[in-house]
Amino acid sequence: MKKILIPTDFSLNSYQTVDYITTLFKNVNCEFYLLNTYLYEASGLTAIEMLQADDEWFDKPKEESLKKLGRLVTRYTLKCNNPKHSFHAISECRSVVEGIKENVEKIGIDVVVLTSKGSNSLGSTIEVILAQIRSCPVLIVPPHATASNGISLTVASDFQEKINTVEIQRFFKALTNTNTHMSILVLKKQNTLSDIEADYLELLLNYLKQLSNKPIGLEFLSPRDKLADYAISHRDEIMCVIDKKPDIFRKIGLVNSKIIAILKQLKSNSVLTIHQ
């Protein structure tokens, strides 16, 4: 049973994300956890006014969250009518980042699914989530994404480091009952890989061959800025990119992850981020 966490703000885009992910995993036994978080709007209130606020002021955000989550669970339970799927509501008073982090560990989530804006800006919240959620894959879904009968998963890397295959395997095995094709996109010119980079590529290629009984595609792409053009011409593919282990400078906020620049080029695709 796969456990999938989907934060929602009840926007149209977030509904489309649920449509997409339930279709993607239609042949898989899944528990979908729909998470909504909220914070109290206390701007302009003094400490005394906060203490004097009545129960209704505190209860209203919680009740509103639970009501909308209840409608969402009912909607998708009836709409999907899939015996392999069950839906659960989580309503919490905290930031969405804290809510995701807590529930990933508490529930044992296999995949976190985020809704992107589909623009050049990922948004600060998604960037923080990518920086802090590193114990499971994170799938970022753009507006109007569609899941076809055949799924293509493309791993993109420059192979300067050995690829951690644990999260790739977790995601691929979640799609074992689905028609899935896997390929590799090398972010370098062909015949320019160093010996160690070529070894890392061969290791991944051989590993993917063990996972799939279908031929593994292999393409080379350089310069890297052509990645945006590749993404536009391969909209139906799920691009898999590797978020390298953060160094001390990234941990203290002095530098951003290089994955952010890559993700901005892949705004038209669903993107699976895995971690070194």
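Residues numbered from 1 in each chain as written. Predicted model: local features only at pLDDT ≥ 70, side-chain atom pairs only at ≥ 80, totals over all residues. Heavy atoms only, no water.

Chemist: I keep staring at unusual backbone geometry and nothing clicks. Help me out?
Modeler: Most of the time, phi is negative for any residue but glycine, and the peptide bond is trans. A positive phi is found at Phe10, a non-glycine position, where the angle reads about 65°. Locating Phe10 in the fold gives a position in the loop between β1 (2-7) and α1 (12-24). Phi at Phe159 takes a positive value of approximately 60°, unusual for a residue other than glycine. Position of Phe159 relative to the elements: it lies in the loop between β6 (150-157) and α6 (166-173). Its relative accessible area of 0% is what places Phe159 among the buried residues. (Helix = DSSP H or I, 4+ residues; strand = E, 2+ residues; numbered from the N terminus. Buried < 20%, exposed > 50% of the residue type's maximum accessible area, 1.4 Å probe, protein only.)

Chemist: Can you walk me through the packing of helix α4 (residues 96-108) against helix α5 (residues 124-132) in this structure?
Modeler: The relative placement of two packed helices comes down to the angle between their axes together with the axis-to-axis distance. Where α4 meets α5, the axes come as close as 10 Å, and the angle between the chain directions of the two elements is 30°. For the element pair α4 / α5, the angle class is roughly parallel. Pair α4 / α5 crosses with right-handed handedness. Between α4, through Val96, Val97, Ile100 and Lys101, and α5, the contact on the second element is made entirely by Thr125, Val128, Ile129 and Gln132. Among the residues forming the contact of α4 with α5, the class breakdown is five nonpolar, two polar and one charged. (Axes fitted to C-alpha atoms, helices over the stretch in contact; angles between N-to-C directions. Parallel < 35°, antiparallel > 145°, perpendicular 65-115°, else oblique. Left-handed = near helix turned anticlockwise from the far one by under 90°. Contact = heavy atoms within 4.5 Å. Nonpolar A, V, L, I, M, F, W, Y, C, P; charged D, E, K, R; others polar.)

Chemist: It is not clear to me how the nonpolar core should be interpreted in this structure. Could you clarify?
Modeler: One finds Leu24 and Phe25 to be the most contacted residues of the largest nonpolar core, which totals 47 residues. A per-element tally of this core places helix α7 (residues 195-211) first, with six residues. Formed by 34 residues, the second largest nonpolar core is a distinct cluster that contains Ile133, Cys136, Leu227 and Leu266. (Core = buried A, V, L, I, M, F, W, Y, C linked by side-chain atoms within 4.5 Å.)

Chemist: I would appreciate a short explanation of the pattern of salt bridges in the present structure.
Modeler: Side chains carrying opposite charge are able to pair once their charged atoms draw close together. Counted by the stated rule, this structure contains seven salt bridges. With a shortest N-O distance of 3.8 Å, Lys68 and Glu64 are connected by a salt bridge. Here Lys68 pairs with Glu64, and both are found in helix α3 (residues 55-80), just four residues apart, close to one helical turn. By relative accessible area, which is 31% here, Lys68 ends up partly exposed. By relative accessible area, Glu64 is classed as partly exposed at 33%. A salt bridge links Arg134 to Asp243, with the nearest nitrogen and oxygen atoms 3.1 Å apart. Note that Arg134 is positioned in the loop between α5 and β5 (138-141) and Asp243 in strand β9 (residues 237-243), a separation of 109 residues in sequence. (Salt bridge = Lys/Arg side-chain N within 4 Å of Asp/Glu carboxyl O.)

Chemist: Even after reading the chapter, I still don't get the packing of α6 against α7, so can you show me in this structure?
Modeler: Where α6 meets α7, the closest approach of the two axes is 11 Å, and the angle between their N-to-C directions is 25°. As summarised for this structure, α6 and α7 are arranged roughly parallel, according to the angle between their axes. Seen along the crossing, α6 lies across α7 with a hand that is right-handed. Facing Ile168, Gln169 and Phe172 of α6, the residues of α7 in contact are Leu204, Tyr207, Leu208 and Leu211. Looking at the contact of α6 with α7 residue by residue, the class counts come to six nonpolar, one polar and no charged.

Chemist: Can you walk me through the side chain of Ser268 in this structure?
Modeler: Turning to its location among the elements, Ser268 is positioned in the loop between α10 (258-265) and β10 (270-275). Filtering out sequence-adjacent residues up to four positions away, Ser268 remains in contact with Pro142, Ala231, Ile232 and Arg235.

Chemist: I keep staring at the packing of aromatic side chains and nothing clicks. Help me out?
Modeler: In this description, an aromatic ring pair is defined by two values, namely the gap between the centres and the angle between the planes. For the coordinates displayed, the defined rule picks out three aromatic pairs. Pairing Phe32 with Phe87 gives two aromatic rings, centres 5.2 Å apart and planes at 20°, and the pair type is stacked. On the criterion of sequence distance, the pair formed by Phe32 in strand β2 (residues 30-38) and Phe87 in strand β3 (residues 85-93) is long-range, its members being 55 residues apart. Across the pair, exposure class does not vary: Phe32 and Phe87 are buried alike. Judged by centre distance (6.2 Å) and plane angle (35°), the rings of Tyr76 and Phe87 are tilted. Here Phe87 lies in strand β3 and Tyr76 lies in helix α3, a separation of eleven residues in the sequence. Exposure class is identical for Tyr76 and Phe87. Each is buried. An aromatic cluster of at least three residues, connected via ring pairs, comprises Phe32, Tyr76 and Phe87. (Phe/Tyr/Trp six-rings, centres within 6.5 Å; stacked < 30°, edge-to-face > 60°.)

Chemist: Explain the pairing of β6 here, please?
Modeler: Look at any regular strand and the pattern is simple: side chains alternate between the two faces of the sheet. Buried residues dominate β6, accounting for six of its eight residues. Examined bridge by bridge, β6 and strand β7 (residues 179-186) share eight bridges and lie parallel to one another. Bridge pairing in β7 places Leu153 opposite Met182. The sheet contact formed by β6 and β9 spans five bridges and is parallel. Residue Val155 lies in a different strand from β9, and its bridge partner there is Cys240. (Pairing = 2+ DSSP bridges.)

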